[in-house]
Number of protein chains: 2
Amino acid sequence: MSLREQKKKETRNRIFEISLRLFKEKGFEGTTVDEITKEAGIAKGTFFNYFPTKESLLSYFREQREEFIISIMQDQMSREIPVREKIENFLVHVAEYYEKDRYLLRLLFFEQRRLLMSSGHRPSQGDHRKKKQELFIGMLADLSSEGMQKGEIRSDIDPKLIAQTLHAVYFHSLMSWLHSEIDYSFSKDMSAKIDIIFEGIGV
Amino acid sequence: MSLREQKKKETRNRIFEISLRLFKEKGFEGTTVDEITKEAGIAKGTFFNYFPTKESLLSYFREQREEFIISIMQDQMSREIPVREKIENFLVHVAEYYEKDRYLLRLLFFEQRRLLMSSGHRPSQGDHRKKKQELFIGMLADLSSEGMQKGEIRSDIDPKLIAQTLHAVYFHSLMSWLHSEIDYSFSKDMSAKIDIIFEGIGV
DNA sequence: AGTCATAAATGACCGTGGTCATATTTAAGC
DNA sequence: GCTTAAATATGACCACGGTCATTTATGACT
């Protein structure tokens, strides 16, 4: 790696680290780009050579999280355990991972303008790059299919529908937890709701 | 009502109507407060006498929606039909109501900084005013309890948990629909997922 | 080492949301 | 109709996010 690339990487990283620290200290709105650049020892314009907007710092943070989450998913996918356990394990692992950094997650979901969610209903035309969220639901759908083949899950429902329902519960639990001011286990709360989906509420 | 109050109300309304129109025409970011005040024939400062921020226009819009939704809820609550039907009716009615104005809802959810969601996990101390979202979940919980008493719903689960799970599916379906670029029936999509919750996915 | 094209850094500048001291309007009391 | 205090309107002003023409640093090539 050339000196140039090296320095670029370092600068980008410095901006990012300083930003997250300041966000934690003073909030997202309360931190100005001027402060960030001053601390990083660069001019204001330079910031925008590295990140197109102040908000994009949060996107970058999210991308890093997503990489990690996908690795958790893939770990679970390959294990030799009942599908229900795989699903619960996966979701609980993600939840536990999130529990470590509630504050920055709050920023991520409440400060970022467009919080991406998977639609499950894509336009048939369009770019073919899979978004991370779709991968998330896609993997849950794969697990559901696997469960159907093994006779662990009802096979008269569209696996995608099941995946979306699971994801709904996961997402809702996450949001509730982020909004709440009290401390409780997000993963346990979610786990209870996943059980409902498996067992149904009907008599 | 005095002349003063009358004019105040009119001005507030004019600002609001013009704003929503401009948002539809040019988007939220694309519309400036200057434009709004110019069209409304008032000075810029006056705008902020009526709405504390530009974003608060969206909150106001949401409050209006919420009033309406609560009335739908209350209608269903008092009918003499099976609980499952009440729940489905209620959620489907809300969905159908939303389907009428997808664009402004998108603004509401994607442009507004902090999109409120019910936690279901409130701090024990704090203000006692019930937020609208809690009312929403509260009513779903009441319906669940009713269903348990009538033997239509399993009674070994906390009704609140059921309510939250139902709300999760409702909210997720709504968000997916708002994100999607294609036209499909949000209410039907949601309905299918509600069925899953009633019947479970286990064998 | 010197030249030069390209990458990267810079900060004056702009448009916007939001503030606030001041000016204007209202209506109650006389 | 006049006075006066409170409600309301005003626009100059500020801070911030973001742009861009210009300057500076880099390294490939001779």
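Just so you know, these numbers come straight off a predicted model, no measurement behind them. (Residues numbered from 1 in each chain as written. Chains lettered and ligands numbered in written order. Predicted model: local features only at pLDDT ≥ 70, side-chain atom pairs only at ≥ 80, totals over all residues. Heavy atoms only, no water.)

Caption draft 1: Focus on the overall build of chain A. Counting its regular elements, chain A contains nine helices and zero strands. Along chain A, helices and strands appear, N-terminal first, in the series α-α-α-α-α-α-α-α-α. In chain A, which comprises 203 residues, the proportion classed as buried is 54%. Sequence-distant contacts, at least 24 apart, represent 65% of the contacts inside chain A between residues at least 6 apart. Here chain A displays about 9,900 Å² of accessible surface, and carbon together with sulfur accounts for 49% of that area. (Helix = DSSP H or I, 4+ residues; strand = E, 2+ residues; numbered from the N terminus. Buried < 20%, exposed > 50% of the residue type's maximum accessible area, 1.4 Å probe, protein only. Contact = heavy atoms within 4.5 Å. Areas by Shrake-Rupley, 256 points an atom, 1.4 Å probe, with all protein chains shown as cover.)

Caption draft 2: Region of interest: the packing of aromatic side chains. By the definition in use, this model includes 22 aromatic pairs over all chains. A centroid spacing of 4.9 Å and a plane angle of 35° characterise the contact between F136 of chain A and Y170 of chain A, whose relative ring orientation is tilted. Taken together, the residues span a long stretch of sequence, with F136 of chain A in helix α7 (residues 132–149) and Y170 of chain A in helix α8 (residues 159–179) at a distance of 34 residues. Neither F136 of chain A nor Y170 of chain A differs from the other in exposure class; each is buried. Following the ring pairs from residue to residue traces out a cluster consisting of F16, F47, F48, F51 and Y60 of chain A. The ring of F28 of chain A is capped by K54 of chain A, whose NZ or CZ atom sits 4.7 Å from the centre of that ring. R12 of chain B extends its terminal NZ or CZ atom over the ring of Y60 of chain B, reaching a point 4.5 Å from the ring centre. (Phe/Tyr/Trp six-rings, centres within 6.5 Å; stacked < 30°, edge-to-face > 60°. Lys NZ or Arg CZ within 6 Å of the ring centre and 35° of its normal.)

Caption draft 3: Main features of the protein's contact with DNA strand C. Every one of the 18 residues lining DNA strand C counts as a neighbour, but A43, G45 and T46 of chain A together with K44 and K54 of chain B are closest to it. Restricting the count to atoms of DNA strand C within 4 Å of the protein gives a sugar and phosphate share of 63%. Backbone polar atom of T31 of chain B to a phosphate oxygen of DNA strand C: 3.5 Å apart, as the coordinates give it. Elements with a minimum of two residues in the surface near DNA strand C: α1 (3–26) and α3 (44–50) of chain A together with α1 (3–26) and α3 (44–50) of chain B. The biggest single contributor to the surface near DNA strand C is α3 of chain A, with four residues. Taken together, the residues of the surface near DNA strand C sort by class into six nonpolar, six polar and six charged. (Near = heavy atom within 4 Å. Polar contact = N/O pair within 3.5 Å; in protein donor to acceptor, adjacent residues only side chain to side chain. Nonpolar A, V, L, I, M, F, W, Y, C, P; charged D, E, K, R; others polar.)

Caption draft 4: Inspection of the protein's contact with DNA strand D at higher detail. The environment of DNA strand D is made up of 18 residues, and the closest members are R4, K44 and K54 of chain A together with A43 and G45 of chain B. Counted by atom, the contact set of DNA strand D within 4 Å of the protein is 64% sugar and phosphate. Within the side chain of K44 of chain A, a nitrogen or oxygen atom sits 2.8 Å from a base nitrogen of DNA strand D. Contact between DNA strand D and A43 of chain B: a phosphate oxygen at 2.9 Å from a main-chain N or O atom of the residue. Where the surface near DNA strand D is concerned, the elements lending two or more residues are α1 and α3 of chain A together with α1 and α3 of chain B. The greatest single-element share of the surface near DNA strand D, amounting to four residues, is contributed by α3 of chain B. Grouping the constituent residues of the surface near DNA strand D by class yields six nonpolar, six polar and six charged.

Caption draft 5: Focus on the packing of helix α4 (residues 56–77) of chain A against α7 of chain A. Residues and elements named next belong to chain A. Here α4 crosses α7 at 10°, and the two axes come no closer than 11 Å. By the angle between their axes, α4 is roughly parallel relative to α7. Of the residues in α7, those touching α4 at E66, E67, I69, I70, M73, Q74 and M77 are K132, L135, F136, M139, D142 and L143. Here the residues of the contact of α4 with α7 sort into eight nonpolar, one polar and four charged. (Axes fitted to C-alpha atoms, helices over the stretch in contact; angles between N-to-C directions. Parallel < 35°, antiparallel > 145°, perpendicular 65-115°, else oblique.)

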